[in-house]
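What the coordinates show
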Amino acid sequence: MSIFNDFIKSGDWKGEKHVPVINCPDTFSKDEVTEVSLSIGDAIAHPNTPEHYIAWFKLFFIPEGGKNIIELADAKFSAHGETNSFSEPKAVVGVKLPSSGKLVALSYCNIHGLWENSKDVVVK
């Protein structure tokens, strides 16, 4: 059993403000770049204050039938109130996928830890 299983939380992003939202088409065209956007708090706003913030996102791909997970992107949000400047937790990534599979996003809240979400995608 993975130690991470005890620490990664999940839920419906419409009812939980920490779950990363994956926005992209359900179907990708083979060998074409497709935009995938990640955000947080689309339905319920997440605070973005010096005391409570989202520090980063990671986006992974698990190919159908694959044995390994592939890290596609890493977005870090570094400004958390310094001189009243804030990085908003949003990212857009262009990805080219070789096959159908599952996109998996992780977000990290400095108070509430790791959160995940996933989305199945088909490559034609």
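In the block above lies the structure referred to throughout.
Here goes a summary of the coordinates provided. (Residues numbered from 1 in each chain as written. Predicted model: local features only at pLDDT ≥ 70, side-chain atom pairs only at ≥ 80, totals over all residues. Heavy atoms only, no water.)

Here we come to the overall build of the chain. Counting its secondary structure elements, the chain contains 0 helices and 9 strands. Taken from N to C terminus, the helices and strands of the chain fall in the order β-β-β-β-β-β-β-β-β. Over its C-alpha atoms the chain spans a radius of gyration of 15 Å, differing by no more than 12% from the 14 Å that the globule rule assigns to 124 residues. In terms of principal-axis extent, the alpha carbons of the chain reach across some 45 × 35 × 25 Å. The buried share among the 124 residues of the chain stands at 40%. (Helix = DSSP H or I, 4+ residues; strand = E, 2+ residues; numbered from the N terminus. Rg over C-alpha atoms; globule rule 2.2 N^0.38 Å. Buried < 20%, exposed > 50% of the residue type's maximum accessible area, 1.4 Å probe, protein only.)

A few words now on the sheet that holds strand 7 (residues 90-95). Two strands in a sheet stick together by hydrogen bonds in their backbones, pointing the same way (parallel) or opposite ways (antiparallel). The 3 strands are arranged 2-4-7 in an open sheet whose pairing can be described as antiparallel. Among the strands making up the open sheet, the edge pair consists of strand 2 (21-23) and strand 7. Neighbour-to-neighbour, the strand axes of the sheet open up by a mean angle of 20 degrees, direction not taken into account. Two strands pair when backbone bridges link them, and strand 2 and strand 4 (residues 34-39) are joined in this way by 3 bridges, in the antiparallel orientation. Residue pairing in the sheet places Ile22 in a bridge with Leu38 of strand 4. (Pairing = 2+ DSSP bridges. Axes fitted to C-alpha atoms, helices over the stretch in contact; angles between N-to-C directions.)

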